[in-house]
Amino acid sequence: MLHDVLVRSGATVVAVSGDSRGPAWGVPVLDDDELANLVARTGGVVALGVGDETRRTRLLEWALARGLPLPPLVASTATVAGSATLGAGTVVLEHAHVGPSARLGRGVVVNTAAVVEHDVVVGDGSHVAPAAVLLGAAEVGAGTLVGSGARVLPGIRVGDRAVIGAGAVVVADVPDDAVVTGVPARPAGAR
């Protein structure tokens, strides 16, 4: 998916790291150090296409520590308000929307057709899965997964490293490391 977004934006993908699909795309698969050297030599940029929040955050920190450029990437069919802020390595995929004054941290994924409304804050390394909706002034902590089709109501706070199950409707604050599911969302364990 990220490969398609990059190509449609006019970028040339010259290599991938840790992805066996590279040869199918006609590009070499490099280890992390080879990729860092290539980016440094060519003046290229790095795009993070890893779905797992923990691994994506680790790769983000690795790239930032090496001074590799990690600009936000926005698909051509996505909309991002001019007053929204996107952190390094953040990706907004096809048909997603990021509203006015929303603030997305570093390494965030706003996946296909997801909606991040006005004044929402999303912490570093979080993933807003396909068709999930974060309504006005909601807050999502770092390293959190908001599952596909889930809804977080206005002003609700979701803690760090939490998991919101697919299709859940969050009507009350969610603590750090909690897993919630259902309508309305109820505790289903800990991460």
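Residues numbered from 1 in each chain as written. Predicted model: local features only at pLDDT ≥ 70, side-chain atom pairs only at ≥ 80, totals over all residues. Heavy atoms only, no water.

### Looking at helix α2 (residues 32-42)
Buried residues of α2: Leu35, Ala36, Leu38 and Val39, and no others. Summarising the axial view, the buried residues of α2 lie within an arc of 160°, below the 170-degree limit, and thus occupy one face. Turned more than 90 degrees off the buried face of α2, the exposed positions are Ala40 and Arg41. (Buried < 20%, exposed > 50% of the residue type's maximum accessible area, 1.4 Å probe, protein only. Helix = DSSP H or I, 4+ residues; strand = E, 2+ residues; numbered from the N terminus. Arc of directions from axis to C-beta.)

### A word on the pairing of strand β20 (residues 178-181)
Across 2 bridges, the pairing between strand β18 (residues 163-164) and β20 is parallel. In the sheet register, Val163 faces β20, and the bridge partner there is Val179. (Pairing = 2+ DSSP bridges.)

### A few points about the sheet that holds strand β7 (residues 97-98)
The parallel open sheet is built from 6 strands, whose spatial order is β4-β7-β10-β13-β16-β19. In this open sheet, the two edge strands, each paired with only one partner strand, are β4 (79-80) and β19 (169-170). Alignment of β4 against β7, held across 2 bridges, turns out to be parallel. By the bridge assignment, Val80 is partnered in β7 with Val98.

### Focus: the pattern of salt bridges
In this structure the tally under the stated criterion is 5 salt bridges. The salt bridge involving Arg106 is made with Asp124; its shortest N-O contact spans 3.5 Å. You can see Arg106 sitting in the loop between β8 (103-104) and β9 (109-110) and its partner Asp124 sitting in the loop between β11 (121-122) and β12 (127-128), a full 18 residues away along the chain. Accessibility expressed as a relative area gives 29% for Arg106, which makes it partly exposed. Using a relative accessible area of 31% as the deciding quantity, one classes Asp124 as partly exposed. (Salt bridge = Lys/Arg side-chain N within 4 Å of Asp/Glu carboxyl O.)

### Some details on the sheet that holds β11
In spatial order, the strands read β5-β8-β11-β14-β17; together these 5 strands make up an open sheet with parallel pairing. Because the sheet does not close on itself, it has two edges, and the strands there are β5 (85-86) and β17 (157-158). Sheet topology note: the β8/β11 ladder contains 2 bridges and is parallel. Directly across from Arg103, in β11, lies its bridge partner Val121.

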